[in-house]
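Descriptive analysis of the structure
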Amino acid sequence: MNLFDLIFNKKIIKAKNPRSTHPKTNGQKSETIDGIFITYKKHPFSKNIRITPKTNGNVLVTLPKNVSFSYAKDFVLKNIDWIKENAASKKPVPLDIIEERRRLAHKILPKRLDELAQRFGFKYRKVFIKNQKTVWGSCSYMNNINLNLNLVALDSEFIDYVILHELTHTVHKNHQKAFYNLLVKNMPNALEIQKRLKKIKISCLN
């Protein structure tokens, strides 16, 4: 899931927060909590309180019409640690950092891809270096390989894992048993590295 949402159960809201008796507002208010700009917005079709970090580092809190702003703020305060972590991760990476990574990626990644392909007997057509937001790499049905330029911000073991993962897709296009058998044959600790890589968010590599 690309959006980091916290959902609060509708029944709990109704049980603990009866219909608001506060004077009517325009359905929206904003405040800053611990340096994070938070906007509360009531929506006629919302059934839950939803917290959504935005790409500019701000946070949108959507709530049902019958839930008070003070109740929504209490919910925010209970989850402020989660909000801080995910609001920070949504901030865009500065352009100069992206361009430096792009330069390094074009210098390092194609060479390493070729080295590993030759060592383990894989064949691919072309390699493309891209600034991808959600994936570290991919392999097309034509065996063209895409590598995320942000890989150069990681340790070399992660780079090798992603490259070997995509090279393995030149033989097996799915993630079934044969795929992992071949991957682990060429990289015995692949599953352990995969587990650690899943914990790294591309958007956090500022």
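In case you missed it, the structure is sitting above this.
This text gives an overview of the structure that appears in the document.

Conventions and cut-offs
Residues numbered from 1 in each chain as written. Predicted model: local features only at pLDDT ≥ 70, side-chain atom pairs only at ≥ 80, totals over all residues. Heavy atoms only, no water. Pairing = 2+ DSSP bridges. Helix = DSSP H or I, 4+ residues; strand = E, 2+ residues; numbered from the N terminus. Axes fitted to C-alpha atoms, helices over the stretch in contact; angles between N-to-C directions. Contact = heavy atoms within 4.5 Å. Salt bridge = Lys/Arg side-chain N within 4 Å of Asp/Glu carboxyl O. Buried < 20%, exposed > 50% of the residue type's maximum accessible area, 1.4 Å probe, protein only.

Ordered in space as β6-β8-β7, the 3 strands form an open sheet in which the pairing is mixed. In this open sheet, the two edge strands, each paired with only one partner strand, are β6 (127-130) and β7 (137-139). The sheet shows a mean angle of 15° between the axes of neighbouring strands, taken without regard to direction. Alignment of β7 against strand β8 (residues 145-148), held across 3 bridges, turns out to be antiparallel. Bridging from a neighbouring strand, serine 138 pairs with asparagine 146 of β8. Set on the sheet, helix α4 (residues 95-120) makes contact with β6 and β8; between it and β6 the angle comes to about 145°.

Bringing unusual backbone geometry into the picture now. Trans is the common state for peptide bonds, and a negative phi is the common state for residues other than glycine. Although it is not a glycine, aspartate 34 adopts a positive phi angle of roughly 50°. Note that aspartate 34 resides in the loop between β2 (28-33) and β3 (36-43). Notably, asparagine 143 is not glycine yet its phi reads approximately 65°, a positive angle.

The next point concerns the pattern of salt bridges. Across all of its chains, the model carries 8 salt bridges by this definition. For glutamate 99, the salt bridge is made with arginine 102, and the minimal N-O distance between the two is 3.5 Å. Residue glutamate 99 and its partner arginine 102 are located together in helix α4, separated by 3 residues, close to a single helical turn. For glutamate 99, a relative accessible area of 39% corresponds to the partly exposed category. In this structure, arginine 196 engages glutamate 157 in a salt bridge whose closest nitrogen and oxygen atoms are separated by 2.9 Å. Taken together, the residues arginine 196 in helix α7 (residues 190-197) and glutamate 157 in helix α5 (residues 156-168) connect sequence positions 39 residues apart. Residue arginine 196 is classed as partly exposed on the basis of its relative accessible area of 30%. Where salt bridges share partners, they join Arg112, Glu115 and Asp160 into one cluster.

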